[in-house]
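Chain by chain, the residues:
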Amino acid sequence: MDLSLVDWYNKALSNCTCGHHHHPLSMEELTIKSGATDELRSYLLRKKWMKVHVVYDRNTRTAAGDQVVDQLTVDNIHIGISEIEEDENQDVIADEAAIMQVLTEVDHETDVLMAVGAGTLHDITRYAAYTLGKPFISIPTAPSVDGFNSMGAPIVLKKKKKTFQTQTPIALFADVDVLKEAPTDMTAAGFGDVLGKYTALADWHFGAITANEPFCDQAAEMTLEALNQAIQSAKDIRAGSAKGMENLFEALLKSGMAMSLFGHSHPASGGEHHLSHYWEMGFLAEGRKQLLHGEKIGVSTGLIADIYHEHVEKKVALDPLLTDAQKERIALIFKDLPTGDDINTLLGQVGGKTTLAELGVEEVLYQESIHNAHTLRKRNTMLRYLNERE
Ligand SMILES: [Zn+2]
Ligand SMILES: [Zn+2]
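The shown structure was predicted, so the numbers you read here are calculated from the model rather than taken from an experiment.

Student: Any chance you could break down the coordination of the zinc ion (ligand 2) for me, citing the residues and the numbers?
Tutor: Within the protein, the zinc ion (ligand 2) binds to Cys16 (SG), Cys18 (SG), His22 (NE2) and Cys216 (SG); these donor distances fall in the range 2.0 to 2.3 Å. The coordination sphere of the zinc ion (ligand 2) comprises four donor atoms, whose angles at the metal cover 102 to 119°; the geometry is tetrahedral. Along the chain, the residues donating to the zinc ion (ligand 2) are arranged with the sequence spacing C-x1-C-x3-H-x193-C. Look at Cys16 and you get buried, because its relative accessible area is 17%. Its relative accessible area of 26% is what places Cys18 among the partly exposed residues.

Student: Outline a negative patch on the surface, listing residues and values.
Tutor: Among the surface-exposed residues, Asp306, Glu310, Asp341 and Asp342 lie close enough to one another that they form a single negatively charged patch. Elements that contribute at least two residues to the negative patch include exactly α13 (293–317) and α15 (340–349). Looking at the secondary structure, you find Asp342 in helix α15. Judged by relative accessible area, which is 38%, Asp342 ranks as partly exposed.

Student: Tell me what's going on with the environment of Asn212, and back it up with residues and numbers.
Tutor: Mapped onto the elements of the fold, Asn212 is located in the loop between α8 (197–211) and α9 (217–232). Sequence separation of Asn212 and Asp177 is 35 residues, and the distance between their C-alpha atoms is 45 Å.

Student: So, the coordination of the zinc ion (ligand 1): which residues are in play, and what are the values?
Tutor: For the zinc ion (ligand 1), every protein donor is listed as Asp193 (OD), His273 (NE2) and His293 (NE2), and the spread of their distances is 2.1 to 2.2 Å. By relative accessible area, His273 is classed as buried at 6%.

Student: Summarise the pattern of salt bridges; cite the residues concerned and give the values.
Tutor: In total, this model carries 22 salt bridges according to the counting rule given. In this structure, Lys33 and Glu39 form a salt bridge, with 2.5 Å as the shortest nitrogen-oxygen distance. The partner of Asp193 in a salt bridge is Lys197, with the nearest N and O atoms 3.8 Å apart. Neither Asp193 nor Lys197 differs from the other in exposure class; each is buried. Residues joined by salt bridges that share partners form a network here, namely Arg61, Asp66 and Glu83.

Student: Explain the side chain of Ser269 to me, using residue names and the numbers behind them.
Tutor: Following the sequence through the fold, Ser269 ends up in the loop between α11 (242–262) and α12 (271–285). Look at Ser269 and you get buried, because its relative accessible area is 5%. Of note is the side chain of Ser269, whose polar atom sits 3.2 Å from the side chain of Arg377. For Ser269, the residues in contact, after removing those within four places along its chain, are Ala200, Arg377 and Arg379.

Student: Report on the pairing of strand β1 (residues 29–33), specifying residues and quantitative values.
Tutor: With respect to burial, β1 is a largely interior element, four of its five residues being buried. Taken together, the five bridges between β1 and strand β8 (residues 171–175) define a ladder with parallel strand orientation. Bridge pairing in β8 links Leu30 to Leu172.

Student: Summarise the sheet that holds β1; cite the residues concerned and give the values.
Tutor: Where strands meet in a sheet, backbone hydrogen bonds hold them as pairs that are either parallel or antiparallel. Overall, parallel pairing links the six strands, which are arranged β1-β8-β5-β4-β2-β3 in an open sheet. If you trace the sheet from one side to the other, it starts and ends with β1 and β3 (78–84), each paired once. This sheet shows a mean twist of 15° between the axes of neighbouring strands, independent of strand direction. When strand β5 (residues 136–140) meets β8, the two strands line up parallel, connected through two bridges. The residue of β8 that forms the bridge with Ser138 is Leu172. Of the strands in this sheet, β2 (51–57), β3 and β4 (112–117) are in contact with helix α4 (residues 96–105), which crosses β3 at around 160°. The sheet contacts of helix α5 (residues 119–132) involve β2, β3, β4 and β5, and relative to β4 the element is tilted by about 170°.

Student: Requested: an account of helix α14 (residues 324–335), with residues and values cited.
Tutor: Taking 1.5 Å as the rise per residue, α14 with 12 residues should run 16 Å; its terminal C-alpha atoms sit 16 Å apart, in good agreement. Those residues of α14 lying buried are Gln326, Lys327, Ile330, Ile333 and Phe334. Each buried residue of α14 lies within a common arc of 130° when the element is viewed along its axis, so the set occupies one face. With respect to the buried face of α14, the exposed residues turned more than 90 degrees away are Asp324, Ala325, Glu328, Leu332 and Lys335. The inward-facing, buried residues of α14 contact α8, α13 and α18 (382–388).

Reading the values: the criteria
- All residue numbers refer to position in the chain's written sequence, counted from 1.
- In the order they appear in the text, chains get letters beginning with A and ligands get numbers beginning with 1.
- Whole-chain, interface and lining totals are the exception, using all residues; otherwise, since this is a predicted model, local features are given only for residues with pLDDT of at least 70 and side-chain atom pairs are given and counted only at 80 or more.
- To get the side-chain values, take all heavy atoms of the structure and skip hydrogens and water.
- Atoms of type N, O and S within 2.8 Å of a metal are treated as its donors, and for Na, K and Ca the window is 3.2 Å; water is not considered, so some sites may appear to be missing partners.
- Working rule for geometry: tetrahedral if four donors all subtend angles between 85 and 135 degrees; square planar for four, octahedral for six, if opposite donors exceed 155 degrees and the others stay between 65 and 115; irregular in every other situation.
- Burial classes: relative accessible area under 20% of the type maximum marks a residue as buried, over 50% as exposed, and values in between as partly exposed (1.4 Å probe, protein chains only).
- Two distance rules govern patches: like charges are joined within 9 Å, and nonpolar side chains (Val, Leu, Ile, Met, Phe, Trp, Tyr) within 5 Å, applied only to residues with over 30% relative accessible area and no salt bridge.
- Areas reported as accessible are Shrake-Rupley estimates using a 1.4 Å probe. Residue values count occlusion only from the protein chains shown.
- Salt-bridge detection follows one rule: a side-chain nitrogen of Lys or Arg within 4 Å of a carboxyl oxygen of Asp or Glu.
- When charges are counted, Lys and Arg are positive and Asp and Glu negative, with His and the chain ends excluded.
- Charged groups are reduced to one reference atom each: NZ for lysine, CZ for arginine, CG for aspartic acid, CD for glutamic acid.
- A run of H or I in DSSP becomes a helix once it reaches four residues, and a run of E becomes a strand once it reaches two; helices and strands are each numbered from the N terminus.
- For the purposes of these results, a polar contact is taken to be a pair of N or O atoms within 3.5 Å, where, inside protein, one atom must be able to donate a hydrogen and its partner to accept one; residues adjacent in sequence count only when each atom of the pair is a side-chain atom.
- Here a residue-residue contact requires only that any non-hydrogen atoms of the pair lie within 4.5 Å.
- Here, strands pair whenever DSSP counts at least two bridges between them.
- Axis definition: a line fitted to C-alpha atoms, over the contacting stretch in the case of helices. Angles run 0 to 180 degrees between N-to-C directions.
- One fewer than the residue count of a helix, multiplied by 1.5 Å, yields its expected span.
- Taken from the helix axis, the directions to the C-beta atoms give the arc we talk about.

Structure follows, in structure tokens:
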């Protein structure tokens with residue numbers, strides 16, 4: 001059992017003096033290595049869980065689902081399966097139809113659900129398992145997003161996205177041999193989601209300085225460590241090597257753990273996530289094929305970093321409601337942000353998309369998002385400040 005990440009989390013937990021209430025990690029097993037699913041078998045046998053329900057889609061069934069099912073069948077474990085169907089755009093969406101499919105297909109004697117896939121399949125399984133009052137196990141197939149170990153399940157309800165607080169996986173087995181086979185656009189998306197922490201952290205600091213948003217040094221430190229780990233591994237990620245996949249996946253988990261420690265998404269989500277959510281809602285409303293979360297974040301991070309570089313200093317300097325000490329701290333934080341070019345260079349290193357045109361986000365939607373996206377969430381980001389402060 002690889003406990004190093006759990007130890008890492010617990011160290012942050014014990015070092016924290018911020019005064020906010022933090023939870024110990026509720027994960028019983030956390031394994032990232034080649035052949036990780038061997039440990040899944042022994043975990044299930046140890047728990048005496050002989051009835052499991054696997055959730056996958058057409059792609060993740062081939063990537064890992066069939067293999068997991070074959071392995072478990074040897075041990076006479078009874079396996080139920082939900083293969084989530086794609087919509088007319090060939091997208092698998094975490095919506096009411098997908099969740100109902102799982103809820104109606106799970107046998108009531110099932111001990112545990114198992115998400116085999118990337119972010120969306122985890123959200124579907126997470127929500128369904130929580131509703132059924134059962135634990136779920138995470139079997140990631142791509143290092144594409146930082147939400148594997150989070151409690152939040154973003155669900156599309158009547159074509160609108162809403163995030164529900166549900167549960168974290170009870171155990172996670174990430175097979176590096178499977179992650180290595182993930183398509184480049186998915187690993188680049190994972191890398192993009194991590195890069196978003198640059199502006200997310202700046203926004204979080206800003207909210208704490210100006211609006212008393214709760215803040216935790218340890219959670220910020222953990223997020224920064226995740227960011228550095230991913231950036232240092234850019235070459236290996238591009239090469240799709242075991243080392244690269246392991247480092248990227250660890251970085252994503254660390255970002256997720258920082259959110260778990262803090263109990264909210266502040267460490268990992270700021271103005272760049274607002275823009276991305278706005279674009280996503282625009283695409284949903286028009287029934288367009290969805291983009292990967294992380295590829296939107298990669299692009300939105302570069303764009304919003306440039307907006308911040310252009311406007312923050314002047315606006316903050318002239319603000320009569322801020323003290324000199326506040327102005328000084330804010331200036332330091334935002335001066336340190338990489339520029340849009342820096343972000344795009346990093347994204348380029350892993351073969352990621354860098355422009356709105358590559359995403360297919362039109363200029364009209366982008367302009368709308370800059371002026372309205374901050375209203376999607378009650379959070380005092382710099383994006384909100386630039387829009388709302390006179
Ligand atoms: Zn994200
Ligand atoms: Zn703390």
